[in-house]
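Residues per chain, in single letters:
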Amino acid sequence: MATVSPASDFAQVSVSAATPARTRDPRLDFYRGIAMFIILIAHIPNDPWARWIPARFGYSDATEIFVFCSGMASAIAFGGAFMRKGWLLGTARVAFRIWQVYWAHICLFFFVAMSMAALDQSGLFEKSYVSSLNLQHFFNDPMPQMVGLFTLTYVPNYFDILPMYLVVLAMMPLFMGLYRIGFWAVALTSATVWLVAQFGVLALPAEPWSDRQWFFNPFGWQLLFFTGFAFMRGWIPAPPVSKTLIWASVAFLILSMPFGSWKVFMWIDGIAPGVADSIRDVWPQTKELRNKTDFGLFRYIHFLSLAYLGWVAAGEHGHRLIATGHSAGARIWQWLMAVISKVGQQSLAVFVFSMAAARLIGVGLDQTGRDVASVFAANLIGFAMIIGVAYLAAWFKSHPWKSKK
């Protein structure tokens, strides 16, 4: 581990500390792309496909993938700026990203709120789509809610991931500053903040008319973000490929399934009621350990186990994800890998679009019914749209108007 004195510039940090995060990792883009597809499914109202996403079979879900991979991507996008340009310009780079995410959050809210209001005003639907998102408070008394929206003291459910991401990003300059002391200072601070968050001390208010708190407490979730950040920066060495670790991860994932998933618990209840009764007795005692708001310990261990298996399965440098050869199967996999990775590379644009599109897809399903064919078509349309958004965002970012003819 390379360390420098507090008076030294980050540019003096050894090159080896910055090297691991200079290039994109195919595993990062692939798994983050998978998370984007899962997040779309999870946010389509009453989507039957959501019964089979990872969240139904354990403690962690696509949110963990998104946050962990965002930490890794931030190590590439922002960590290098601190090393090359110093703390002030690195902080400016992060501030610019915060500015982008903040306005993405604001625009997402107003687009979805407008869409739901337009549906209700059309008079074509029996249900109130505004009420389905609990936005009636905003429309009934918009002035205080408008202030709360812009100050992040009004964070409605469904719009709570980006605010959490904003606060975690804002913590990055602090942790990069602490790295001047040493990695131990970063790790100790992150673990301490997470531990304090488990007691509800750092909870943030989500709405002015109740005591509800942010659904995603950034001071708990920062632990996962900076774990990914530290791995990509090379602060934490990659774990060895070990049969012991593989089987320990598999065992934890399997044994935690009935405790982390009500779906699996019901299966067990139908097969072995005695076992289910024992689980029912233990279930309340694990509440804080599997808490999603403050990012409970079991969620952390569950995700790390899942991530380790995914890392091993992908192979060194992700070589198992890259098919070689010219067979039909290889070409299909190459195309699929390219598409999923593109979605992962443009995760912010895809995420914002998918959150808006999911509500409208749900409206469509309300009209067609949720039979197998309708659900299949709706999800595939959603997939096609987020893929299109990913390629369109990449095209805009390439600045084609600057290229020569």
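Please refer to the structure higher up on the page.
As the structure is a prediction and not an experimental result, all values here were calculated from the model. (Residues numbered from 1 in each chain as written. Predicted model: local features only at pLDDT ≥ 70, side-chain atom pairs only at ≥ 80, totals over all residues. Heavy atoms only, no water.)

### Section: the packing of aromatic side chains
Each pair of aromatic rings is reported with the distance of its centres and the angle of its planes.
Move 1: Enumeration over the complete set of coordinates arrives at 41 aromatic pairs.
Move 2: Linked through ring pairs, W99, Y102, W103, F109, F110, F138, F139, F150, Y154, Y158, F159 and W209 together constitute an aromatic cluster.
Move 3: The ring of Y158 carries the charged tip of R359 above its face, separated from the ring centre by 5.1 Å. (Phe/Tyr/Trp six-rings, centres within 6.5 Å; stacked < 30°, edge-to-face > 60°. Lys NZ or Arg CZ within 6 Å of the ring centre and 35° of its normal.)

### With respect to the nonpolar core
Move 1: Within the largest apolar cluster, 106 residues are counted, with the highest numbers of intra-cluster contacts made by M172, F225 and W235.
Move 2: A total of 13 residues in this core trace back to one element, the largest contributor, which is helix α3 (residues 62-85). (Core = buried A, V, L, I, M, F, W, Y, C linked by side-chain atoms within 4.5 Å. Buried < 20%, exposed > 50% of the residue type's maximum accessible area, 1.4 Å probe, protein only. Helix = DSSP H or I, 4+ residues; strand = E, 2+ residues; numbered from the N terminus.)

### What to know about the environment of A104
Move 1: Relative to the helices and strands, A104 is located in helix α4 (residues 87-122).
Move 2: Overall, the relative accessible area of 16% leaves A104 in the buried class.

### Side note on the packing of helix α17 (residues 347-368) against helix α18 (residues 372-397)
Move 1: Relative to each other, α17 and α18 sit at 155°, their axes nearing to 10 Å. The orientation of α17 with respect to α18, classified from their angle, is roughly antiparallel. In this structure, α17 crosses over α18, and the sense of that crossing is right-handed. Seen from α17, the contacting residues are A349, V350, F353, S354, A357, I361, L365 and T368; seen from α18, they are S374, V375, A378, G382, M385, I386, V389, A390 and A393. (Axes fitted to C-alpha atoms, helices over the stretch in contact; angles between N-to-C directions. Parallel < 35°, antiparallel > 145°, perpendicular 65-115°, else oblique. Left-handed = near helix turned anticlockwise from the far one by under 90°. Contact = heavy atoms within 4.5 Å.)

### Some points on the pattern of salt bridges
Move 1: In total, this model carries six salt bridges according to the counting rule given.
Move 2: Among the ionic pairs, R299 bridges to D61, the shortest N-O distance being 3.4 Å. Pair noted here: R299 is in helix α15 (residues 297-314) and D61 is in the loop between α2 (26-43) and α3, with a separation of 238 residues, a long-range link.
Move 3: Relative accessible area serves as the criterion here: at 10%, D61 is assigned to the buried category.
Move 4: Across the pair E64 and R299 runs a salt bridge whose closest N-O atoms are separated by 2.8 Å. Pair noted here: E64 is in helix α3 and R299 is in helix α15, with a separation of 235 residues, a long-range link. No difference in accessibility class separates E64 from R299, as the two residues are buried. (Salt bridge = Lys/Arg side-chain N within 4 Å of Asp/Glu carboxyl O.)

### Digging into the side chain of S74
Move 1: For S74, the location among the structural elements is in helix α3.
Move 2: If sequence neighbours within four positions are ignored, S74 has contacts with G79, Y165, L169, M172, F225 and F229.

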